[in-house]
Amino acid sequence: MHLLVTRPEGDGASLIASLEAVGHRVSSAPLLSIEPVEPALDLLDTQALIATSRNALKALAANPALAAAMALPLFAVGPATASLARSIGFSTVLEGPAGASELVRVIEAHATRNGGALLHLAGDRLAFDLRGALEAKGFRVRQEVMYRTHAAQALNPEVVDAIRAGKIDGVILMSSRAATIFSDLAAKAGIRDQATGLCYICLSEAVAGGLAPLSPGRVYVARTPNLQETLALIARVAADFDNNSFDKNNFD
């Protein structure tokens, strides 16, 4: 398949390499760019950190408070974020499922309500109100913005031409914001009709929801919201690609 990767450049490179290694043609159209910020982290009265994205940990790695932060336990959403935390040097990493809402249960099971605040290392835009969910359960939570995201203003001309010419088979979307941006930019570029006919491979149902303005007919969602399951879904979709037997029920 000829697949379009829409992740930010740093995150997209490893995904592109994985796809090319199994024979896919890949084009890239980053829909978001990441701007790290460097807050003055206050770790006093903090019992644990929470990381719901690798970008937050990448920003932390360049923060002067890193050494003090690594002395604290860290709750990580999903295996990729947990793996990065360990590679940075965190010795106590409590890994949750690949979803912020599911991470609440892990935190509730291991954190102490009167044991100090939980510090959420966050981006400037959040798909789930983790702080609100934890405060409703009696925890004290602080949030620090570790990075900001900026939306692309247009699809690059090569990608537009490829979609218009029917050369792109599928689009990989890993966030609901990216899906919404893609829908908007496809319409802005005048390729809405062609984009509607593409195959979309989405990290989660929430991501798929961002495609509503396009109303595409072929949308496939990973069984669980992580990169490994998304790659497995791509493999299942690609296996039937030559037969043109796309059936959503085959991939649930």
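Because the structure is a prediction, the values reported are computed rather than measured.

A. Summary view of the environment of Val106. When you line up the elements, Val106 lands in helix α5 (residues 100-110). By relative accessible area, which is 17% here, Val106 ends up buried. C-alpha separation for the pair Val106 and Phe75, spaced 31 residues apart in sequence, amounts to 8.1 Å. Non-local contacts of Val106, meaning those with residues more than four positions away in its chain, are made with Phe75, Glu95, Gly96 and Pro97.

B. Just the sheet that holds strand β10 (residues 199-202), in detail. In spatial order, the strands read β2-β1-β9-β10-β11; together these 5 strands make up an open sheet with parallel pairing. The sheet is open, and its two edges are formed by β2 (25-28) and β11 (218-221), each paired on a single side. Each strand of the sheet is rotated relative to its neighbour by a mean of 25°, with strand direction disregarded. Relative to β10, strand β9 (residues 170-173) runs parallel, the two sharing 4 bridges. Looking at β10, one finds that Leu173 is bridged to Cys202. Its contacts with the sheet put helix α1 (residues 9-21) on β1 (2-5), β2 and β9, and the angle it makes with β1 is roughly 170°.

C. Seen up close, the pairing of strand β4 (residues 46-51). Along β4, 6 of the 6 residues are buried, which leaves the element largely enclosed by surrounding structure. The sheet contact formed by β4 and strand β7 (residues 117-123) spans 5 bridges and is parallel. Counted as the bridge partner of Ala48 is Leu118 from β7.

D. View of the nonpolar core. Grouped together as the largest cluster of nonpolar side chains are 46 residues, with contacts concentrated most on Leu173, Phe182, Tyr200 and Cys202. Ranked by residues supplied to this core, first place goes to helix α8 (residues 176-188) with 6 residues. When sequence neighbours within four positions are dropped, the list of residues in contact with Cys202 reads Leu173, Val207, Ala208, Leu211, Val219, Tyr220, Val221, Ala222 and Leu233. Ala56, Leu72, Leu119 and Tyr147 belong to the second largest nonpolar core, which has 23 residues in total.

E. Seen up close, the pattern of salt bridges. Tallied over the full model, the rule gives 8 salt bridges. Salt-bridge contacts for Asp45 lead to Arg140; the nearest nitrogen and oxygen are separated by 2.8 Å. Of this pair, Asp45 sits in the loop between β3 (32-36) and β4 while Arg140 is found in the loop between α6 (130-135) and β8 (141-151), placing the two residues 95 residues apart along the sequence. Overall, the relative accessible area of 48% leaves Asp45 in the partly exposed class.

F. Spatial organisation of the pairing of β9. Of the two faces of β9, the one carrying Gly170 and Ile172 and the one carrying Val171 and Leu173 are both buried. Inspection of the sheet shows β1 paired to β9 by 3 bridges, in the parallel sense. What sits directly across from Leu4, in β9, is Val171.

G. Broad picture of the layout of surface pockets. Computed from the structure, the largest pocket encloses a volume of approximately 1,300 Å³. Taken together, 46 residues form the lining of the largest pocket, with Thr52, Ser53, Met174, Ser175 and Leu203 sitting closest to its centre. Tallied by class, the residues present in the lining of the largest pocket amount to 23 nonpolar, 16 polar and 7 charged. One number sums up the size of the second largest pocket: a volume of about 190 Å³. In this structure, the second largest pocket is lined by 14 residues; those nearest its centre are Pro8, Glu9, Gly10, Ser33 and Ile34. Residue assignment for the lining of the second largest pocket shows that the elements contributing at least two residues are α1, β3 and α2 (54-61). At 4 residues, the largest contribution of residues to the lining of the second largest pocket is made by β3. Across the lining of the second largest pocket, the residue classes break down as 8 nonpolar, 3 polar and 3 charged.

Conventions adopted
Residues numbered from 1 in each chain as written. Predicted model: local features only at pLDDT ≥ 70, side-chain atom pairs only at ≥ 80, totals over all residues. Heavy atoms only, no water. Helix = DSSP H or I, 4+ residues; strand = E, 2+ residues; numbered from the N terminus. Buried < 20%, exposed > 50% of the residue type's maximum accessible area, 1.4 Å probe, protein only. Contact = heavy atoms within 4.5 Å. Pairing = 2+ DSSP bridges. Axes fitted to C-alpha atoms, helices over the stretch in contact; angles between N-to-C directions. Core = buried A, V, L, I, M, F, W, Y, C linked by side-chain atoms within 4.5 Å. Salt bridge = Lys/Arg side-chain N within 4 Å of Asp/Glu carboxyl O. 1 Å grid on protein atoms, 1.4 Å probe; cavity = no way out; pocket = protein on both sides within 12 Å on 5 of 7 lines; lining within 4 Å. Points joined across faces, edges and corners; volume = space filled by probe spheres on them. Nonpolar A, V, L, I, M, F, W, Y, C, P; charged D, E, K, R; others polar.

By themselves, these are just geometric observations and shouldn't be taken as functional.
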